[in-house]
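Overview (structure and organization)
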Amino acid sequence: MRETSKTAIEKNNKSVVMHFAKSKYDNCKWNKNTSTWSMLKKRYDNGQRDSQMQKLYDAEYSLIPCSPKDNLSFDELINKIDEVVNDTWFRKKFGRLFSDTALKVENASSRQNMAYAFGTDLLSFPPHFCNIPIILHELTHIIVDRLHFVVNMNKSYTTHGRMFAFIYLELVKKFMGERSYTILKTGYKNFNVKYRNRIPQTSAKKKILRERINKYNIYNHENNI
Ligand SMILES: [Zn+2]
């Protein structure tokens, strides 16, 4: 246990269990007009197939530090997760997903060749994947997975779909700054990663229909029909 943050940290042999306390910001709104949840509910992904995975990896590639000396130690990684999850901005947006919950973080062997998130409460980081963009990437998986259960959106999101890409970009902007945000956003554009709302088919169809009717009316008017 540690007293420096509100998070109770239980250290085990090869992992740490972080228990995030409640915060007064946990039920705050995303902005004054739209709550986080109704805003997120309008974002949806195309289907079950994780078709954006490689594109997303390509898009984020320039954010990942190239030298191993830029990696964090496991303790620094835990501090970083603690700092992100207890940040007021973060709590205002995602607090309900973390309020009074636990997250297990594994200190994985260097033979493990990837960091990963499993379900709603496990992250695993080998030493050479301990850096801020990967922390934010894996934390985004936890957010997206928890959204399904906590908010009961009645649909699961594609692993690296629009919802994932949108939230990841938000986290990068907040915790890595404007420059990294621009790099990732440019990466999304270059590799065609979708992260905005999909325009519902019906409103697109309505627009075409409306234009047709207008043309028809103008034609009739000009020809006195
Ligand atoms: Zn991922």
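You'll find the structure just up there.
Read on for a plain summary of the structure. (Residues numbered from 1 in each chain as written. Predicted model: local features only at pLDDT ≥ 70, side-chain atom pairs only at ≥ 80, totals over all residues.)

Here we look at the overall build of the chain
Within the chain, the secondary structure is distributed over eight helices and five strands. Considering only contacts in the chain between residues 6 or more positions apart, those separated by 24 or more positions represent 69%. (Helix = DSSP H or I, 4+ residues; strand = E, 2+ residues; numbered from the N terminus. Contact = placed C-beta atoms within 7 Å.)

What about helix H3 (residues 74-85)?
The terminal C-alpha atoms of H3 lie 17 Å apart, and with 12 residues this matches the ideal 16 Å at 1.5 Å per residue to within 8%. Listed as buried for H3 are Leu77, Ile78, Ile81, Asp82 and Val85. Seen from one end, H3 has its buried residues packed into an arc of 140°, which puts them on one side. Turned more than 90 degrees away from the buried face of H3 sit Asp75 and Glu76, all of them exposed. (Expected span 1.5 Å × (residues − 1). Buried ≥ 20, exposed ≤ 12 C-beta atoms within 10 Å, placed from the backbone. Arc of directions from axis to C-beta.)

Some remarks on the sheet that holds strand S4 (residues 116-118)
Pairing in this open sheet of five strands is mixed, and the strands run S1-S2-S3-S5-S4 from one edge to the other. Here the strands that pair on one side only, and so sit at the sheet edges, are strand S1 (8-11) and S4. Between one strand axis and the next, the sheet turns through 20° on average, direction left out of account. Relative to strand S5 (residues 122-125), strand S3 (residues 101-107) is paired through four bridges, and the arrangement is parallel. Within the sheet, the bridge partner assigned to Asn107 lies in S5 and is Phe125. (Pairing = 2+ DSSP bridges. Axes fitted to C-alpha atoms, helices over the stretch in contact; angles between N-to-C directions.)

Some thoughts on helix H7 (residues 178-190)
A rise of 1.5 Å per residue sets the reference length of H7, with its 13 residues, at 18 Å; its end C-alpha atoms lie 18 Å apart and thus fit the reference within 8%. Restricting attention to buried positions, one finds in H7 the residues Leu184, Gly187 and Tyr188. Buried residues in H7, looked at end-on, bunch into an arc of 100°, giving them a common side. Opposite the packed face of H7, turned more than 90 degrees from it, sit the exposed residues Glu178, Arg179, Thr182, Thr186, Lys189 and Asn190. Where the residues of H7 are buried, they touch helix H2 (53-60) and helix H6 (162-176). Downstream of H7 by one or two residues, Asn192 has phi in the positive range, about 60°.

Some remarks on the pairing of strand S2 (residues 15-20)
Residues Val16, Met18 and Phe20 line the buried face of S2, whereas the alternating positions Ser15, Val17 and His19 sit on a face that is not buried. In this structure, S1 lies alongside S2, joined through four bridges in antiparallel fashion. When the bridges of S2 are listed, Lys11 appears paired with Val16. The antiparallel pairing of S1 with S2 creates a hairpin that spans three residues between the two strands. Alignment of S2 against S3, held across six bridges, turns out to be antiparallel. Counterpart to Phe20 in the pairing with S3 is Thr101.

Side note on the packing of H6 against H7
Running from amino to carboxyl end, H6 crosses H7 at an angle of 155°, the nearest separation of the two axes being 8 Å. The angle between H6 and H7 places the two elements in the roughly antiparallel class. Between H6 and H7, the contacting residues are Ala165, Leu169, Val172, Lys173 and Met176 on the first element and Ser180, Tyr181, Leu184, Lys185 and Tyr188 on the second. Of the residues belonging to the contact of H6 with H7, the class tally is seven nonpolar, one polar and two charged. (Parallel < 35°, antiparallel > 145°, perpendicular 65-115°, else oblique. Nonpolar A, V, L, I, M, F, W, Y, C, P; charged D, E, K, R; others polar.)

Quick look at unusual backbone geometry
One non-glycine residue, Asp100, lies in positive phi territory at about 55°. Residue classification places Asp100 among the exposed positions, given that 10 C-beta atoms sit within 10 Å. With a phi close to 60°, Asn192 is a non-glycine residue in the positive phi region. Mapped onto the elements of the fold, Asn192 is located in the loop between H7 and helix H8 (201-222).

What to know about the environment of Phe164
Tracing the backbone shows Phe164 in helix H6. For Phe164, a count of 25 C-beta atoms within 10 Å corresponds to the buried category. Each C-alpha atom, one on Phe164 and one on Asp145, is 9.6 Å from the other, the two residues being 19 residues apart in sequence. Discounting residues that sit within four places of it in the chain, Phe164 has contacts with Thr140, Val144, Tyr157 and Thr159.

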